[in-house]
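# Reading the structure
Spelled out from the first residue to the last, the chains are:
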Amino acid sequence: MKLIGFDTKYAKGFLKEHAAEEIKARVLAAKDTLLSGSGKGSDFLGWVDLPEKYDKEEFARIKKAAAKINQDSEVLIVIGIGGSYLGARAAVSFLESYDRKRATEIIFMGNNISALYVNTVLDQIRDKSLSVNVISKSGTTTEPAIAFRIIKKLMEERYGKEGAASRIYVTTDKARGALKKMAEQEGYECFVVPDDIGGRYSVLSAVGLLPIAASGADIDALMLGAASERAYLLETPYEDNPALQYAAYRNLFYENGKKVEILADFEPFMHYVCEWWKQLFAESEGKDGKGLFTASLDFTTDLHSVGQLVQDGERNLIETVMEVDDTGAAIQVESDADNYDQLNYLAGMDLNYINKKAQEGTRQAHVDGGVPNLVVNIPKRDEFSLGALFYFFEFACGVDGYTLGINPFDQPGVEAYKKNMFHLLGKEGY
């Protein structure tokens, strides 16, 4: 099966000749640092070998729990924030299909502090059978902890304490923390947030796998895609290695004055993949006064809004475009006798073909307008390709961070807003 492709031909003209060759030694050194575990943040490299060395016993329990959720529940509420939910949300959105009804509807909570959002979810689930997967390393992160407090009360009122316990699944620290303690006391089934994997790299662990499996997706194929991509990236020389080339070009453009990277998609099911990518790269690289600002756009929709700025605004950005070869869907434009909308020139064409031409036209316009374009090619909208895509971006991010000269596995700046919020709310010690 095909793996992730990467095309630089629409970006090379914006750099001096042989630039990619000149940065080669630094990128390969960064790759060696990553794989040898000799760099900063090396305690969080469990994701590197995860597609091959995941816990098979826990994996089987995940599939068993997902089957029980499918049998018990119309809705699975997934409670988490940041890396505790973005990977799962990306996968559920990417794999959702009109020709394959999901086994259980997945609703996400705990990723904001909006009363309106919470009330909307409560209205949605009022008459539906429920299970819950709460995901938190500590159990005390404000947003998911508030959501779980609300949902736990609802579950116990609806099913009784024992009945609720059989429908609540906890993904948390292996041995410690408030959520682990609660799970042991209440009898919730537990899955592990690995100690050696940070949240934004955790989608292929239990953090992402339980919600993804409950949605009806094939997590065996997801892991196979990731494992296949891993083997390819470890074995392929620099010049043909998509992840190493992506890391090289991101650094080259950053060093040549670019400040923003736009990740663009042309399919709505890619939206949350972009959201997951934004956290992965921004939280990994935005430190020590460095890092490209990560933004995302949904085309062609955003071409009618932000497209003007991309085309003619400040030339401080690069654009990486994700293209999917096979979406699994097709529909033709029909001819109309009156042709009031003047679209008969499209009659008989499939929307996928039209969308591809929109991609080509957009790329040409943006390149002509001074925006370097990098292209990530995704063979198919399926679990194998998605697993490969997740691993491609994770590996590229690790190499990219070390090439940039920072620790890509910590996030010291995340705590700043929390301290201020706790102080304003009167939390003891702040």
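Figured I'd write up the structure that's included with this text. For clarity, every value in this text was computed on a predicted model and none was experimentally measured.

Rules used throughout
- Residues numbered from 1 in each chain as written.
- Predicted model: local features only at pLDDT ≥ 70, side-chain atom pairs only at ≥ 80, totals over all residues.
- Heavy atoms only, no water.
- Axes fitted to C-alpha atoms, helices over the stretch in contact; angles between N-to-C directions.
- Helix = DSSP H or I, 4+ residues; strand = E, 2+ residues; numbered from the N terminus.
- Parallel < 35°, antiparallel > 145°, perpendicular 65-115°, else oblique.
- Contact = heavy atoms within 4.5 Å.
- Nonpolar A, V, L, I, M, F, W, Y, C, P; charged D, E, K, R; others polar.
- Pairing = 2+ DSSP bridges.
- Expected span 1.5 Å × (residues − 1).
- Buried < 20%, exposed > 50% of the residue type's maximum accessible area, 1.4 Å probe, protein only.
- Polar contact = N/O pair within 3.5 Å; in protein donor to acceptor, adjacent residues only side chain to side chain.
- Core = buried A, V, L, I, M, F, W, Y, C linked by side-chain atoms within 4.5 Å.
- Right-handed = clockwise from strand over helix to strand, strands pointing away.

This next bit is on the packing of helix H9 (residues 206-214) against helix H10 (residues 219-235). One can describe the packing of H9 onto H10 by two numbers: an axis separation of 10 Å at closest approach and a directional angle of 135 degrees. The orientation of H9 with respect to H10, classified from their angle, is oblique. Counted together, Leu 209, Ile 212 and Ala 213 of H9 and Ile 219, Leu 222 and Met 223 of H10 form the full contact between these two elements. Looking at side-chain class alone, the contact of H9 with H10 contains six nonpolar, no polar and no charged residues.

Turning next to the sheet that holds strand S9 (residues 317-326). Taken in spatial order, the five strands line up as S1-S10-S9-S7-S8 in an open sheet, and their pairing is mixed. Strands at the two margins of the open sheet, each flanked by one partner only, are strand S1 (5-7) and strand S8 (293-298). Geometrically, the sheet is characterised by an average inter-axis angle of 20 degrees between neighbouring strands, direction not taken into account. Summarising the sheet, strand S7 (residues 260-265) and S8 pair through six bridges and their orientation is parallel. When the bridges of S8 are listed, Val 260 appears paired with Phe 293.

Our next topic: helix H11 (residues 242-255). In this model H11 runs 20 Å from its N-terminal to its C-terminal C-alpha over 14 residues, within 8% of the 20 Å that 1.5 Å per residue would give. Burial of H11 is extensive: 13 of the 14 residues sit out of reach of the surface. Of the residues that open H11, the one with a side-chain oxygen 3.2 Å from the backbone nitrogen of Ala 243 is Asn 241. Gly 257 sits one or two positions beyond H11 and adopts a positive phi of about 100 degrees.

Take the nonpolar core next. Among the nonpolar cores identified, the biggest contains 94 residues, and Trp 47, Met 322, Leu 389 and Phe 393 are the most heavily contacted of them. Here this core gets 13 residues from one element, more than from any other, and that element is helix H15 (residues 383-404). With sequence-adjacent residues up to four places away left out, Trp 47 is seen in contact with Leu 34, Asp 196, Ile 197, Tyr 201, Tyr 391, Glu 394, Phe 395 and Phe 409. Ranked by size, the runner-up nonpolar core spans 24 residues in total, among them Met 109, Val 121, Ala 147 and Phe 148.

Bringing the environment of Phe 384 into the picture now. Mapped onto the fold, Phe 384 is located in helix H15. Each C-alpha atom, one on Phe 384 and one on Ala 227, is 9.5 Å from the other, the two residues being 157 residues apart in sequence. Excluding anything up to four places from it in sequence, Phe 384 contacts Met 1, Lys 2, Leu 3, Ala 221, Leu 224, Gly 225 and Ser 228.

This paragraph deals with the pairing of strand S10 (residues 373-380). Burial analysis of S10 places seven of its eight residues in the buried class, which makes it a mostly covered element. Pairing of S1 with S10, which is carried by three bridges, proceeds in the antiparallel orientation. Pairing of Asp 7 across the sheet is with Val 375, part of S10. Note that the unit made of S9, helix H14 (residues 351-368) and S10 has a crossover that is right-handed.

Turning our eyes to something else, we now look at the side chain of Gln 279. You can see Gln 279 is positioned in helix H12 (residues 271-285). By relative accessible area, Gln 279 is classed as buried at 13%. If near-sequence neighbours (up to four positions away) are discounted, Gln 279 is found in contact with Gly 82, Gly 83, Leu 86, Arg 200 and Ser 284.

Without other data, these values stay purely geometric and don't point to any function.
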